[in-house]
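Report on the structure
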Amino acid sequence: MGKQSFLVIGMGRFGRSTARTLAQMGCEVLVIDKAEDRIDIVKDDVLHAIIADTTEERTLTQLDMASFNAVVICIGKDLRASILTTVLCKEQGAKRVISKAQDELHAKLLLKTGADEVVQPEHDAGIRLARSLPSDDVLDSLDLTEDYSVNEMHVPKDWVDKTLSSLALRTHYGVSVIAIMRDGVMRVNNNPAEKLQAADTLFVVGDNAHLQKLIED
């Protein structure tokens, strides 16, 4: 399989973070922003960097949109530019468009005008923080769908030295441990008869209602 290729539009903090992370993962990344100073910040970290206005159709017609695995539109507060760029990318053949939204209304407009997915970084970060606050054990939370998530959590004190088979988490809580981080190593194929250690980090998947019950118990 060849390298994956991504187009990231908008080089604010979120766009730069997205582009740099993709590049660090070995992906080919093209970035676009109409501000030269923003392009200068990131140009040495990615494969290609272009100064251009993506609300002008000719900018996007010069690119082979279908060649990108995904287009990530990280335009900030300019609602018109965000929506128009989303529309134009889809019209030019983008296979998958992921657009950043400022709020729920913006998100709805993006979905109606062609975005395949919408992210709300501050909103999503707020949800993850809120889910982690009620319990000292929960480190982070990642949404898989609207109803299902993965919680990263410490081993609860009353689970230490117990095995996954004896805890029967699926039966008692409706959740499953999909991975264990131990001594800095991620383990995905765990022996259910092996005892959990106090320093372990668990990655637990389940629907949000059951995960909440797990936190509360």
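On a predicted model such as this, the values are computed, not experimentally measured, just so you know. (Residues numbered from 1 in each chain as written. Predicted model: local features only at pLDDT ≥ 70, side-chain atom pairs only at ≥ 80, totals over all residues. Heavy atoms only, no water.)

**Topic: the overall build of the chain**
- Across its full length, the chain carries 9 helices and 11 strands.
- Relative to its full complement of 217 residues, the chain shows a buried share of 41%.
- Relative to all contacts within the chain whose residues are 6 or more apart in sequence, the contacts with residues 24 or more apart total 51%.
- Accessible surface computed for the chain: about 12,300 Å², of which carbon and sulfur atoms make up 50%. (Helix = DSSP H or I, 4+ residues; strand = E, 2+ residues; numbered from the N terminus. Buried < 20%, exposed > 50% of the residue type's maximum accessible area, 1.4 Å probe, protein only. Contact = heavy atoms within 4.5 Å. Areas by Shrake-Rupley, 256 points an atom, 1.4 Å probe, with all protein chains shown as cover.)

**A look at the nonpolar core**
- In this structure, Leu 7, Ile 9, Leu 63, Met 65, Val 71, Ile 73 and Cys 89 are the most contacted members of the largest nonpolar core, which totals 17 residues.
- Mapped onto this core, the elements with two or more residues apiece are strand 1 (5–9), strand 2 (28–33), strand 4 (70–73) and helix 4 (79–91).
- The dominant element in this core, judged by the number of residues it contributes, is helix 4, at 3 residues.
- Excluding residues that lie within four positions of it along the chain, Ile 9 makes contacts with Ile 32, Thr 54, Val 71, Val 72, Ile 73, Cys 74, Ile 75, Thr 85 and Cys 89. (Core = buried A, V, L, I, M, F, W, Y, C linked by side-chain atoms within 4.5 Å.)

**Considering a nonpolar patch on the surface**
- Taken together, the side chains of Leu 79, Leu 105 and Leu 109 define a hydrophobic patch exposed on the protein surface, amounting to about 260 Å² of accessible area.
- Here Leu 109 lies in helix 5 (residues 104–112). (Patch = residues over 30% accessible without salt bridge, like charges linked within 9 Å, V, L, I, M, F, W, Y side chains within 5 Å. Salt bridge = Lys/Arg side-chain N within 4 Å of Asp/Glu carboxyl O.)

**Looking at the sheet that holds strand 1**
- Taken in spatial order, the 6 strands of this open sheet run 3-2-1-4-5-6, and their pairing is parallel. Sheet topology places strand 3 (48–51) and strand 6 (117–119) at the edges, where each strand pairs with a single neighbour. Across the sheet, the mean angle separating the axes of adjacent strands is 15° when strand polarity is ignored.
- Where strand 4 and strand 5 (residues 97–100) come together, 3 bridges link them in parallel fashion. Residue pairing for strand 5: Ile 73 is matched across the bridge by Ser 99.
- On top of the sheet, helix 1 (residues 13–24) reaches strand 1, strand 2, strand 4, strand 5 and strand 6; it is set at about 165° to strand 1, its chief contact. (Pairing = 2+ DSSP bridges. Axes fitted to C-alpha atoms, helices over the stretch in contact; angles between N-to-C directions.)

**Here's the deal with the environment of Leu 110**
- Residue placement: Leu 110 occurs in helix 5.
- Residues Leu 110 and Ile 98, 12 residues apart in the sequence, show an inter-C-alpha distance of 9.4 Å.
- Residues within four places of Leu 110 in sequence aside, it is in contact with Ser 82, Ile 83, Thr 86, Ser 99, Lys 100, Ala 101, Ala 115 and Val 118.

**Let's talk about the packing of aromatic side chains**
- Evaluated as defined, the whole model comprises 1 aromatic pair.
- Here the aromatic rings of Trp 159 and Tyr 173 are separated by 6.4 Å at their centres, their planes lie at 50°, and the arrangement is tilted. With Trp 159 in the loop between strand 8 (148–154) and helix 7 (164–167) and Tyr 173 in the loop between helix 8 (169–172) and strand 9 (176–182), the pair connects residues that are 14 residues apart, well separated along the chain.
- A relative accessible area of 4% means that Trp 159 is categorised as buried.
- Residue Tyr 173 is classed as buried on the basis of its relative accessible area of 18%. (Phe/Tyr/Trp six-rings, centres within 6.5 Å; stacked < 30°, edge-to-face > 60°.)

**Let's talk about the environment of Gly 174**
- Tracing the backbone through its elements, the reader meets Gly 174 in the loop between helix 8 and strand 9.
- Given a relative accessible area of 12%, Gly 174 falls into the buried group.
- With 39 residues separating them along the chain, Gly 174 and Lys 213 place their C-alpha atoms 9.4 Å apart.
- Setting aside anything within four residues of it in sequence, one finds Gly 174 in contact with Leu 169, Gly 206 and His 210.

**Considerations on helix 1**
- Over its 12 residues, helix 1 extends 16 Å from the first C-alpha to the last, a length consistent with the 16 Å expected when each residue adds 1.5 Å.
- Those residues of helix 1 lying buried are Gly 15, Arg 16, Thr 18, Ala 19 and Leu 22. On an axial view of helix 1, the arc spanned by its buried residues comes to 165°, and they lie on one face. In helix 1, the exposed residues that point more than 90 degrees away from the buried face are Arg 13 and Gln 24. (Expected span 1.5 Å × (residues − 1). Arc of directions from axis to C-beta.)

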